[in-house]
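Secondary and tertiary structure notes
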Amino acid sequence: GGSCLLLAFESLNLIVDDFLDRLPQEEIPSLIICLGKFGMQTENINLSLTAVGMLWKVSDVYASSMRRDGMWNEMLLQLTTLSKDDRPEVRNCAINTLFSVISSNSTAFNKNQWQQ
């Protein structure tokens with residue numbers, strides 16, 4: 001259970017911290033989904049909070065390519081889902097991150113994304 005979760009998350013953390021710039025563009029949506037799933041797990045709140053922070057880092061690093069490749073929908077979906085989390089700490093962290101992502105990248109969103 002918990003030790004496997006921690007080991008998997010440490011591996012993902014290593015990828016985001018040290019190898020994010022080498023990750024193929026087509027794998028970014030999978031990374032975003034994986035981070036969202038780690039954010040939603042309920043065994044370890046610190047992993048959830050760190051996963052939300054890692055979503056911010058991914059959005060920051062890939063802002064220009066996300067604009068081009070339409071990866072914003074997945075990022076916004078994951079952050080919106082986490083902003084409804086039952087745990088106030090995770091919910092508040094996700095809401096703050098969502099607003100930061102939106103304010104930092106608002107020009108990248110098309111009309112449909114704004115309406116969603």
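The following refers to the structure shown.

About the criteria used
Residues numbered from 1 in each chain as written. Predicted model: local features only at pLDDT ≥ 70, side-chain atom pairs only at ≥ 80, totals over all residues. Heavy atoms only, no water. Helix = DSSP H or I, 4+ residues; strand = E, 2+ residues; numbered from the N terminus. Rg over C-alpha atoms; globule rule 2.2 N^0.38 Å. Buried < 20%, exposed > 50% of the residue type's maximum accessible area, 1.4 Å probe, protein only. Contact = heavy atoms within 4.5 Å. Patch = residues over 30% accessible without salt bridge, like charges linked within 9 Å, V, L, I, M, F, W, Y side chains within 5 Å. Areas by Shrake-Rupley, 256 points an atom, 1.4 Å probe, with all protein chains shown as cover. Salt bridge = Lys/Arg side-chain N within 4 Å of Asp/Glu carboxyl O. Core = buried A, V, L, I, M, F, W, Y, C linked by side-chain atoms within 4.5 Å. Phe/Tyr/Trp six-rings, centres within 6.5 Å; stacked < 30°, edge-to-face > 60°.

As for the overall build of the chain
Broken down by element type, the chain carries seven helices and zero strands. Listing each helix as α and each strand as β along the chain from the N terminus yields α-α-α-α-α-α-α. Taken against the 2.2 N^0.38 rule, which gives 13 Å for 116 residues, the C-alpha radius of gyration of the chain at 14 Å falls within 12% of a compact globule. Seen through its C-alpha atoms, the chain measures out along the principal axes to roughly 40 × 35 × 15 Å. Expressed as a percentage of the 116 residues in the chain, the buried residues total 39%. In the chain, of all internal contacts separated by at least 6 residues, the share reaching a separation of at least 24 is 65%.

Thoughts on a nonpolar patch on the surface
Side chains of Leu14, Ile15 and Phe19 sit close together on the surface and give an oily, nonpolar patch of about 240 Å² of accessible area. Within the element layout of this structure, Leu14 appears in helix H1 (residues 2-18).

Quick word on the side chain of Ser48
Note on placement: Ser48 falls in helix H3 (residues 45-61). Take Ser48: its relative accessible area is 0%, and that puts it in the buried class.

A look at the nonpolar core
Counting 30 residues, the largest nonpolar core has Leu31, Leu35, Leu55, Val58, Trp72, Met75 and Leu79 as the members making the most contacts within it. Breaking this core down by element, the ones donating at least two residues are H1, helix H2 (28-40), H3, helix H5 (72-82) and helix H6 (88-105). Counting residues per element, this core draws most heavily on H3, which supplies six residues.

Remarks on the packing of aromatic side chains
Summed over the entire model, instances satisfying the criterion amount to one aromatic pair. A centroid spacing of 5.1 Å and a plane angle of 65° characterise the contact between Phe9 and Phe38, whose relative ring orientation is edge-to-face. Residue Phe9 is located in helix H1, and its partner Phe38 is located in helix H2; the two are separated by 29 residues in the primary sequence. Phe38 carries the same exposure label as Phe9, and that label is buried.

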